[in-house]
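Here is how the chains run, residue by residue.
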Amino acid sequence: MKAISVLGSTGSIGTQTLQIIEEFPDQFRVVALTAGKNLPLVVEQIQKHAPEVVALADESLLPELNERLLALSSENQPKNIPQLLGGPDGLNAAASWSTTDLVVTGIVGCAGLLPTLAAIRAGKDIALANKETLIAAGPVVLPELKKSGSRLLPADSEHSAIFQCLQGTPWAETARLSTGVPTPGLRRIQLTASGGAFRDWSTEELKNATVSDATSHPNWSMGKKITVDSATLMNKGLEVIEAHYLFGIDYDQIEIVIHPQSIIHSMIELADSSVLAQLGWPDMKLPILFCMSWPNRQETPWRRLKLSEVGELTFRAPDTAKYPCMSLAYSVGRAGGTMPAVMNAANEEAVAQFLKEKIHFLDIPKFIEAVCESHKPDLQNKPSLDDIISIDNWARIALREEINRGTIKTAIPRMAV
Ligand code: NAD
Ligand code: MG
């Protein structure tokens, strides 16, 4: 039985991970949960999964959580109350809990960095959903993996597809473990992209895009931030950098292809020109389960793929003019060092401001680019963890200042933030 910790248990990745654990109770058990603010759901998860420890990002909510749990245990039969922790230290302690075998990282954004590092330093295996951690801190995370022997298993569907395809290659032993070391015969990666909420909108129509339009994804049901990232295609840009760090492959060898059906989750091309793909319905449970069962395959009763039901699989090149975030991510990835941390933080802040309706959808890439541009003279090639944390902070402030300065020509009049 594998002991699993779920970081971000109340989110889209977190709840799907818990559904898998519920479905296969002989295979998996929950050891630790961490969450943000959703107390009713945390209480329900504690009752169902009886974790050893629960950590809340916001320490001030701990007394209320404790009260809710005490009230429940006196109403019904007494239940074991887990150890309750809070704040950054609490999250780190839960992420590195001694009895855990695998940590699923479902926290959104760079907030996942320190808990993920804590888990890595404790030698825990990681199912990486929280891509922002690797993108912001690749130069810090990769050496830590080597040092501790912790293994990074990709839960992002595209990277899981690549990882699954690599299992069937002559270099499976080394290539399947993500340490950023180049895989000799891996010639190219083709990352598939659904195209996001606006794939069928013209550039002209995008001028009318609203928050509610940008947060409705045609194929996947996910948290708000990643849904907006999918609409700008920044998600795919972030995934290019994620693939670079995970598989040690050059940016020139990573291609993006729009595949609206989201059935092929990505492809690898090998030295002899053979292309391997992984297919399945768009459902995050499959890549999460593969991390949890790797190197084995768990038998499931899940809906099986029938290509005759799908009908057509189509592909097209992405429109780089309509979606500037993709090219930006390539140049940011190539610049390396602290630049991906800057782009990632600027993107998190820009999406937050967009969700508050302070900036327009079309202005997201403009502000991110401006922040990256102003970081150029200060780029550090071999940043420490402290460098990354302070650069991340700087970029968020710089983006808000950029909005307030009002020098960028925007799609809607700027509003102070
Ligand atoms: P979500 O918004 O649904 O959930 C985020 C979780 O993180 C919640 O439990 C929330 O309470 C917690 N959280 C938020 N801020 C926090 C903070 N400051 N400190 C601690 N915890 C905090 O997000 P999601 O869609 O589940 O995405 C989670 C991660 O997985 C993201 O990095 C995303 O890019 C990645 N991912 C998600 C999907 C998907 O299908 N949802 C697919 C691929 C990758
Ligand atoms: Mg993905």
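Residues numbered from 1 in each chain as written. Chains lettered and ligands numbered in written order. Predicted model: local features only at pLDDT ≥ 70, side-chain atom pairs only at ≥ 80, totals over all residues. Heavy atoms only, no water.

Summarise the sheet that holds strand β5 (residues 102-105); cite the residues concerned and give the values.
Across the sheet, which stays open at both edges, the 7 strands sit in the order β4-β3-β2-β1-β5-β6-β7 with parallel pairing between neighbours. In this open sheet, the two edge strands, each paired with only one partner strand, are β4 (83-86) and β7 (152-154). Strand-to-strand, the axes of this sheet are offset by a mean angle of 25°, without reference to chain direction. By the bridge criterion, 4 bridges tie strand β3 (residues 53-56) to β4 in an arrangement that is parallel. (Pairing = 2+ DSSP bridges. Helix = DSSP H or I, 4+ residues; strand = E, 2+ residues; numbered from the N terminus. Axes fitted to C-alpha atoms, helices over the stretch in contact; angles between N-to-C directions.)

Any chance you could break down the site of ligand 1 for me, citing the residues and the numbers?
Residues in contact with ligand 1 amount to 23 residues; listed here are only the nearest, Thr 10, Ile 13, Gly 36, Glu 132 and Gly 223. Within the contact set of ligand 1, an oxygen atom lies 2.7 Å away from a side-chain nitrogen or oxygen of Thr 10. Note that an oxygen atom of ligand 1 is positioned 2.9 Å from one of the backbone N or O atoms of Gly 36. For the shell around ligand 1, the secondary structure elements donating two or more residues are α1 (12-23) and α6 (131-148). When grouped by side-chain class, the residues that make up the shell around ligand 1 number 11 nonpolar, 9 polar and 3 charged. (Near = heavy atom within 4 Å. Polar contact = N/O pair within 3.5 Å; in protein donor to acceptor, adjacent residues only side chain to side chain. Nonpolar A, V, L, I, M, F, W, Y, C, P; charged D, E, K, R; others polar.)

Lay out the coordination of the magnesium ion (ligand 2) in plain terms, naming residues and giving numbers.
Protein-derived ligands of the magnesium ion (ligand 2) are Asp 156 (OD), Glu 158 (OE) and Glu 239 (OE), with the metal-ligand distances lying across 2.1 to 2.3 Å. Binding-site remark: the magnesium ion (ligand 2) is held by donors from one chain whose sequence spacing is D-x1-E-x80-E. Across the pair, exposure class does not vary: Asp 156 and Glu 158 are buried alike. (Donors = N, O, S within 2.8 Å, 3.2 Å for Na, K, Ca; no water. Buried < 20%, exposed > 50% of the residue type's maximum accessible area, 1.4 Å probe, protein only.)

Can you tell me about the packing of aromatic side chains, naming the residues and giving the values?
Following the criterion strictly, the structure yields 6 aromatic pairs and no others. Centroid distance Phe 24 to Trp 302: 6.2 Å. Interplanar angle 55°. Geometry classified as tilted. Pair noted here: Phe 24 is in the loop between α1 and β2 (28-35) and Trp 302 is in the loop between α13 (285-293) and α14 (307-310), with a separation of 278 residues, a long-range link. Of the two residues, Phe 24 and Trp 302, both sit in the buried class. Where Phe 163 meets Phe 290, the ring centres are 5.8 Å apart and the plane angle is 65°; that geometry is what we call edge-to-face. Taken as a pair, Phe 163 in helix α7 (residues 157-166) and Phe 290 in helix α13 lie far apart in primary sequence, 127 residues in all. Classification of Phe 290 by relative accessible area gives buried; the value is 4%. In this structure, Arg 303 packs its charged tip against the face of Trp 281, placed 3.6 Å from the ring centre. (Phe/Tyr/Trp six-rings, centres within 6.5 Å; stacked < 30°, edge-to-face > 60°. Lys NZ or Arg CZ within 6 Å of the ring centre and 35° of its normal.)

Could you give an account of the environment of Val 342, naming the residues involved and the relevant values?
Along the polypeptide, Val 342 turns up in helix α16 (residues 339-355). Ignoring anything within four residues of it in the chain, the contact list for Val 342 reads Val 371, Cys 372, His 375, Ile 391, Trp 394 and Ala 395. (Contact = heavy atoms within 4.5 Å.)

So what's going on with the sheet that holds strand β8 (residues 186-193)? Residues and values would help.
What the 4 strands build is an open sheet, ordered β9-β8-β10-β11; its pairing is mixed. Each edge of the open sheet is held by one strand with a lone partner, namely β9 (254-258) and β11 (275-279). The average undirected angle you get between the axes of adjacent strands in this sheet is 20°. Where strand β10 (residues 264-270) and β11 come together, 5 bridges link them in antiparallel fashion. Each bridged residue has a counterpart across the sheet, and for Met 267 the counterpart in β11 is Ala 277. Set on the sheet, α7 makes contact with β8, β10 and β11; between it and β10 the angle comes to about 40°.

Please provide a residue-by-residue account of the pairing of β5, values included.
The two faces of β5 match: Leu 102 and Val 104 on one face and Val 103 and Thr 105 on the other face are all buried. Pairing between β5 and strand β6 (residues 125-128): 4 bridges, direction parallel. The residue bridging Val 104 from the neighbouring strand is Ala 127, located in β6.

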